[in-house]
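So the chains spell out like this:
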2 protein chains.
Amino acid sequence: MIRINENYQSLQASYLFSDIAKRVAAFQKANPGKKLIKLGIGDVTRGLPDACIKALHAATDEMASDSTFRGYGPEQGYDFLREAIAKHDFQARGANVQPDEVFVSDGAKCDTGNFQEVLSLDCKVAVTDPVYPVYVDTNVMAGRAGNWNKETGRYDGLVYLDGNRENGFIPALPTQPVDLIYLCFPNNPTGSTATKAQLQQWVAYAKANKALILFDAAYEAFITDDTLPHSIYEIEGAREVAVEFRSYSKTAGFTGTRCAYTVVPKECMAHTGSGEAVSLHALWNRRHTTKFNGVSYPVQRAAEAIYSPQGQAQIKQLIAYYLNNARYIREKMTALGYACIGGDNSPYIWIDGKSDSWAFFDKLLNEAAVVCTPGAGFGKCGQGYIRISAFNSFENVQEAMERISAVLR
Amino acid sequence: MIRINENYQSLQASYLFSDIAKRVAAFQKANPGKKLIKLGIGDVTRGLPDACIKALHAATDEMASDSTFRGYGPEQGYDFLREAIAKHDFQARGANVQPDEVFVSDGAKCDTGNFQEVLSLDCKVAVTDPVYPVYVDTNVMAGRAGNWNKETGRYDGLVYLDGNRENGFIPALPTQPVDLIYLCFPNNPTGSTATKAQLQQWVAYAKANKALILFDAAYEAFITDDTLPHSIYEIEGAREVAVEFRSYSKTAGFTGTRCAYTVVPKECMAHTGSGEAVSLHALWNRRHTTKFNGVSYPVQRAAEAIYSPQGQAQIKQLIAYYLNNARYIREKMTALGYACIGGDNSPYIWIDGKSDSWAFFDKLLNEAAVVCTPGAGFGKCGQGYIRISAFNSFENVQEAMERISAVLR
């Protein structure tokens, strides 16, 4: 008899975005014709950079002709892209990453979700709270999270690292030994950023405990403070203990185009039960080549174009546009008396709503016709907060903040 | 201490394509200037259909403008594509598949590799021999295959269903109970095809044993015999016991463009340990939305264009071109006195070389400068056979067969 993976039955249905959708639909039904401004989901809204568009057209033309057609490419990505990544995203910042340590993929969500497959089922996993739900859910599916505890509102088998106002949503190191740590800076959902000194502590912890850090840097392009690290490989020793995930989704508006990559340094090791060190690069290479077949060729050309002088200028403009929205939102909310994190080196503004997350969400929806995301949806430490996203037109952001100001003033 | 998934250590290094590459490189070094004709790897060689090229350009233009830009799409695929698939690929053939049962993805390799994740780790898995290696390796990674047995050249935990000259490489039903069965028709690598009566036996077996069939139909577009089923859902009752994988890689030359899909019917069930039936559609939906973020929007538009009248005419022409190559290869090899399977409803011709697979491979390489694939690389039942692929220009195929004829005559 065919049986299911019963770990799936421990998954808690995520009501966050479906709950939001239901409340929004109810509002729209009750208020037909009312213009709703969506600052909820973290999806970009502006067209792709022109350099990427040109590259997509040119690669499409290549695919039309037998003489320039491309079939299966290397599963790890074309050298032209891996080389551009190593040079521009790492070596230019003094971080040692080689092209053959880069695995091009179709999404950081996929890679952060899949990477745990090459690790043992009984490793102890630490996540921050609030947290991007994919880190938790993929470990539940694999069976590492234990049972859902209704009383604590958490999985018994996971270690939760609390973010709060006191630590500025940069959680402290775990007080019990853990093997695998998910970190995300600039953070989704809180917009908090980690300094070099803070990341150094994590690298030192990982080395001391032979732990592995899965570092999600999908929002690094929004860092404007020159003292902040963009990559964990800017920290000495990180190559031995950290895997890094990057994405073009927010960097260049690729949420619907799909391209990302993962860096697994050659020195990064995990161990067998008998203590023998095994290269995670070799394991991930085996996983990637067996279960993945490479990113669409025109899309890889579009990603390469991001690194051209034109592409670099265009994404800087794109990011500056969203960061200007973020600054504006943060200033207005601060002026209204609400404490904010993020919005300076991140497209997200994390706002202490001084009330229940959902109550605050409902207030903004019903009285200002603005959609945000209730922080409680990202973990119990998110209760009382809301996330506002800067991904929209400046005109819409202005209008949203006028309406919110009228409601909260 | 972070530990690895030790199942990976049971993986047998696949030397097949790297061995081929080494022998080819050695030949080229020894014979500089000699034109090599590659009929080995199953990768298409002709440009994308014009309808797909037009759709890629048009969708790229949409991505350029804020007003038509597309960000995150539904993880399961856009409705425009799911509806076209259900209508043209299934309903038009009398098979009941609904749009919301279709999960669009970036590859059948990914989906056939990933689907086992939603199933229990102790289910008994049956594969055919010869076999597409992904079915085996992904079960080894999950821990279902047991130990590699050097004496048998097989994994102790898998059930192997032998293909051979007597059964025309359509293996018989298992003689011991199995829970999960991987089938692929038209078959890679053998090119064998299953009749409705044969598939009916498999569906009946699955129903009687509460087993699940994972049916890989990536090559269905090459079926020319009207009596052969293209989909397992043409068999009554299959919706309860089968998941089907399809790909545009060979259908429309999408090996480098990346689009495929998986059908999970709503009636298809697996069970908990206590015998409760659980919908695989719901489980796969949860897996797909958690670990995947949808296929690139321009690529989905290109896939949709395959179903336009122009697209249909163009892919028919494309497939007819490769099938003409296949027919030509089969006729020549048959005339030379070699027994062949496939090449009529499949782009692969599976040839009894009447000698060791690698010896035959070496003979064709060194004496005819033609690259094929040794059948032994696909399992012990492949020993003695070679696979020749029809994916090349007709001119190259003609020249290859002239050279082979000169060597084997």
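Residues numbered from 1 in each chain as written. Chains lettered and ligands numbered in written order. Predicted model: local features only at pLDDT ≥ 70, side-chain atom pairs only at ≥ 80, totals over all residues.

Turning our eyes to something else, we now look at the overall build of chain A. Helices and strands together make up the secondary structure of chain A, namely 11 helices and 17 strands. For 409 residues, the compact-globule formula gives about 22 Å, and the C-alpha radius of gyration of chain A, at 22 Å, lands near that figure. Residue burial in chain A is summarised as follows: out of 409 residues, 56% are buried. (Helix = DSSP H or I, 4+ residues; strand = E, 2+ residues; numbered from the N terminus. Rg over C-alpha atoms; globule rule 2.2 N^0.38 Å. Buried ≥ 20, exposed ≤ 12 C-beta atoms within 10 Å, placed from the backbone.)

What follows covers the nonpolar core. Within the largest apolar cluster, 256 residues are counted, with the highest numbers of intra-cluster contacts made by Leu180, Ile213 and Val370 of chain A together with Leu180, Ile213 and Val370 of chain B. Once residues lying within four places of it in the same chain are set aside, the contact partners of leucine 180 of chain A are Leu119, Cys123, Val125, Ala126, Ala211, Leu212 and Leu214 of chain A together with Ile2 of chain B. (Core = buried A, V, L, I, M, F, W, Y, C linked by C-beta atoms within 7 Å. Contact = placed C-beta atoms within 7 Å.)

Below, the discussion takes up the packing of helix α1 (residues 16–30) of chain A against helix α10 (residues 357–368) of chain A. All names here are of chain A. Two elements in contact, α1 and α10, have axes separated by 10 Å at closest approach and are oriented at 25°. The angle between α1 and α10 falls in the class roughly parallel. The hand of the α1/α10 crossing is right-handed. Residue-level inspection shows Arg23, Val24 and Phe27 of α1 in contact with α10, the latter providing Asp362, Leu365 and Asn366. Among the residues forming the contact of α1 with α10, the class breakdown is three nonpolar, one polar and two charged. (Axes fitted to C-alpha atoms, helices over the stretch in contact; angles between N-to-C directions. Parallel < 35°, antiparallel > 145°, perpendicular 65-115°, else oblique. Left-handed = near helix turned anticlockwise from the far one by under 90°. Nonpolar A, V, L, I, M, F, W, Y, C, P; charged D, E, K, R; others polar.)

Residues and elements named next belong to chain A. Pairing is mixed across the open sheet formed by seven strands, whose spatial order is β2-β10-β9-β8-β7-β3-β6. Strands at the two margins of the open sheet, each flanked by one partner only, are β2 (102–105) and β6 (159–162). Averaged over all neighbouring strand pairs, the angle between strand axes comes to 20°, with direction disregarded. Two strands pair when backbone bridges link them, and strand β3 (residues 125–129) and β6 are joined in this way by four bridges, in the parallel orientation. Of the residues in β6, the one forming a bridge with aspartate 129 is aspartate 162. (Pairing = 2+ DSSP bridges.)

It is worth spelling out helix α8 (residues 297–305) of chain A at this point. Counting buried positions along α8 of chain A gives nine out of nine residues, so the element sits mostly inside the fold. Among all positions of α8 of chain A, only Tyr297, Pro298, Val299, Gln300, Arg301, Ala302, Ala303, Glu304 and Ala305 of chain A are buried. Looking at the buried positions of α8 of chain A, the neighbouring elements they touch are α2 (50–64), α3 (79–90), β2 and α9 (309–335) of chain A together with α2 (50–64) of chain B.

Residue and element names in this part refer to chain B. For strand β8 (residues 212–216), a buried count of five out of five residues is recorded, marking the element as mostly surrounded by other parts of the structure. Note that strand β7 (residues 180–184) and β8 share five bridges and pair parallel. Bridging across to β8, cysteine 184 finds its partner in aspartate 216. In this structure, β8 lies alongside strand β9 (residues 242–247), joined through four bridges in parallel fashion. Each bridged residue has a counterpart across the sheet, and for aspartate 216 the counterpart in β9 is phenylalanine 245.

Moving on, we come to the interface of chain A and chain B. Of the residues lining the interface, 66 residues belong to chain A; the matching set on chain B comes to 66 residues. Mapped by element, the contributors of at least two residues to the side of chain A that touches chain B are α2, α4 (108–114), α5 (133–142), β11 (269–271), α7 (280–291) and α8 of chain A. Element by element, the count of residues in the side of chain A that touches chain B is highest for α2 of chain A, at six residues.

On to the packing of α2 of chain A against α9 of chain A. All names here are of chain A. Where α2 meets α9, the axes come as close as 8 Å, and the angle between the chain directions of the two elements is 135°. With respect to their mutual orientation, α2 and α9 come out oblique. Of α9, the residues touching α2 (which contributes Asp50, Ala51 and Cys52) are Gln310, Gly311 and Gln314. Across the contact of α2 with α9, the residue classes tally to two nonpolar, three polar and one charged.

In this section: the sheet that holds β9 of chain B. All names here are of chain B. Taken in spatial order, the seven strands line up as β2-β10-β9-β8-β7-β3-β6 in an open sheet, and their pairing is mixed. Unpaired on one side and paired on the other, β2 (102–105) and β6 (159–162) mark the two borders of the sheet. Averaged over all adjacent pairs, the angle separating strand axes in this sheet is 20°, with direction ignored. This element, helix α6 (residues 196–209), spans β7, β8 and β9 of the sheet and lies at about 150° to β8.

Rotating chain A by 180° about the axis while translating it 0.0 Å along that axis superimposes it on chain B, leaving an RMSD of 0.0 Å. What we have between these two chains is a two-fold relation. Across chain A, the smallest distance between a C-alpha and the rotation axis is recorded for histidine 57 of chain A, namely 3.0 Å. Comparing interface residues between copies, 100% of those in chain A also sit at the interface in chain B, which points to an isologous, same-surface contact. (Least-squares fit on C-alpha atoms with pLDDT ≥ 70 in both.)

The residue aspartate 66 of chain B is located in the loop between α2 and α3 (79–90) in this model. If we skip the residues at most four places from it in the chain, aspartate 66 of chain B touches Thr45, Arg46 and Gly47 of chain A.

With that settled, consider the pairing of β2 of chain A. All names here are of chain A. What you see with β2 is no split at all: Val102 and Val104 on one side and Phe103 and Ser105 on the other are buried throughout. Where β2 meets strand β10 (residues 260–263), four bridges bridge the pair, whose relative direction is antiparallel. Paired with phenylalanine 103 across the strands is threonine 262, a residue of β10.

So, on to the domain arrangement of chain A. All names here are of chain A. Splitting chain A by domain gives domain 1 (13–42 + 312–408) and domain 2 (53–307). Between domain 1 and domain 2, the contact holds 26 residues from the first and 31 residues from the second. Ranked by the residues each element gives to the side of domain 1 that touches domain 2, the list is headed by α9, at five residues. Residues that form the side of domain 1 that touches domain 2 fall into these classes: 11 nonpolar, 11 polar and four charged. (Domains from an automatic or database assignment.)

Residues and elements named next belong to chain B. Relative to the assigned elements, glycine 311 resides in helix α9 (residues 309–335). With 23 C-beta atoms counted inside 10 Å, the residue glycine 311 sits in the buried group. Taking the C-alpha atoms as reference points, glycine 311 and isoleucine 2, 309 residues apart in sequence, are found 51 Å from one another. Other than its neighbours up to four places away in sequence, glycine 311 contacts Pro49, Ala51, Cys52, Ala305 and Ile306.

Looking now at the confidence of the model for chain A. A residue-level look at chain A finds 100% of positions with pLDDT of 70 or above and a mean pLDDT of 97. Across the interfaces of the predicted complex, the ipTM metric reaches 0.97, alongside a pTM of 0.97. (pLDDT = per-residue confidence, 0-100.)

Another aspect to go through is α9 of chain B. Residue and element names in this part refer to chain B. Along its 27 residues, α9 runs 38 Å from first to last C-alpha, staying within 8% of the 39 Å computed at 1.5 Å per residue. Looking only at α9, the buried set comprises Gly311, Gln314, Ile315, Leu318, Tyr322, Leu323, Asn325, Ala326, Ile329, Arg330, Lys332 and Met333. Residues of α9 that are buried sit in contact with α2, α8 (297–305), β13 (340–342), β14 (348–352), β17 (385–389) and α11 (394–408). (Expected span 1.5 Å × (residues − 1).)

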